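Secondary and tertiary structure notes
Given next are the chains, with one letter for each unit.
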Amino acid sequence: MLSCLKLPLNFDPDSLKSDLMQISSDEWVRHFNDRYYEGEWSGVALRAVSGASAQIYTDPTSTDALTDTPVLARSPSLQRALATIECPVKSARLLKLGPAARIIEHRDYNLSLEDGEVRLHVPITTSPLVEFYINGERIDMLAGECWYINANLPHKAENRSGADRVHLVIDCVVDDWLRSLVALARPDDEASNAATSVADRPSSPEALERFRGLVFDDVDLQERLRQVADRGLFIDLAVRLGEERGCSFNAEDVKQALRANRRAWIERWV
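Figured I'd write up the structure that's included with this text. (Residues numbered from 1 in each chain as written. Predicted model: local features only at pLDDT ≥ 70, side-chain atom pairs only at ≥ 80, totals over all residues. Heavy atoms only, no water.)

Tallying each qualifying case throughout the model produces 15 salt bridges. As a salt-bridge pair, Arg119 and Asp108 come within 3.5 Å of each other at their nearest N and O atoms. Placement of Arg119 in strand β8 (residues 117-125) and of Asp108 in the loop between β7 (102-106) and β8 is noted, with a sequence separation of eleven residues between them. The buried category is assigned to Arg119, whose relative accessible area is 12%. Given the relative accessible area of 17%, Asp108 is considered buried. (Salt bridge = Lys/Arg side-chain N within 4 Å of Asp/Glu carboxyl O. Helix = DSSP H or I, 4+ residues; strand = E, 2+ residues; numbered from the N terminus. Buried < 20%, exposed > 50% of the residue type's maximum accessible area, 1.4 Å probe, protein only.)

Pasting the structure below:
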């Protein structure tokens, strides 16, 4: 299962930036998922059922037709970018993460190639100081690139720069056109050797114990684990971090250890 993939589509970031410049500050709407971020995370709808630029949430079950918003109507470069997407578009918006803001690790749902609906990201303004992680791996997305993101997987972002990070974010339906792009972008060996999922890894309580020892001696690891409040995300992150350090165990090993001695884990890890 792919976590993300850079697609063979490229856009001119300078022309997209020129469209951003004509969006007034009062047109940006605070993101509705206020539990999942700190600082400024806001958006502007480009296509919405109501045609309103402030409607940045689209009901994924809705079958109503989308209408261009006033912001898109006066944004020729964004219009051309969306016209490049040949599969059916269900949502199109700009999302802005302000300086020093962060999106806490979370999952979205039913947004993957396997689900038949995906999320594409096109960075417009970004920086090497912007950190984006998906499934525990840092991904550097450059301005003008187009990325498929498996939003079902744990992901987070932090803007450590002094400028806004703005992405064009498109939710669309998987069709033959999009499948062909994925096939072009995905190396044959990657397609045939998909990474083993967290649930499929073999059990090894001994490897888990070795990993616990590593965490106890590594302040950075402790901090990464401490930041994850959701139990499921915590377990997935522990498995991935262990794998990266040569300690291969599975999610059930972590669950059993938490059940058996949760207080000791908390005291030792954080």
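Having seen the model, we can carry on.
Looking now at the nonpolar core. Within the largest apolar cluster, 35 residues are counted, with the highest numbers of intra-cluster contacts made by Leu7, Leu46, Leu78, Leu94, Leu120, Leu168 and Leu178. The residues touching Leu178, leaving out its near neighbours within four places in the chain, are Leu7, Cys87, Val118, Cys172 and Val173. (Core = buried A, V, L, I, M, F, W, Y, C linked by side-chain atoms within 4.5 Å. Contact = heavy atoms within 4.5 Å.)

Read across the sheet, five strands follow the order β3-β7-β12-β9-β10 without closing on themselves; strand pairing throughout is antiparallel. This sheet does not close on itself; its edge strands, each paired only once, are β3 (37-38) and β10 (137-138). Across two bridges, β3 lies against β7 in antiparallel orientation. Bridge pairing links Tyr37 to Ile103 in β7. (Pairing = 2+ DSSP bridges.)

On to the environment of Pro128, then. Mapped onto the elements, Pro128 comes out in the loop between β8 and β9 (130-134). Judged by its relative accessible area of 73%, Pro128 is exposed.

Of all nine residues that make up β8, nine are buried, and the element is covered over most of its length. Two elements, β8 and strand β13 (residues 165-173), share eight bridges in a ladder whose sense is antiparallel. By the bridge assignment, His121 is partnered in β13 with Val169. When β8 meets strand β11 (residues 145-149), the two strands line up antiparallel, connected through three bridges. Within the sheet, the bridge partner assigned to His121 lies in β11 and is Trp147.

Not every positive phi belongs to a glycine, and Asn110 is a case in point at roughly 60°. With respect to the helices, strands and loops of the structure, Asn110 is situated in the loop between β7 and β8. Within the chain, Asn135 stands out as a residue other than glycine whose phi angle is a positive 55°. Note that Asn135 resides in the loop between β9 and β10.

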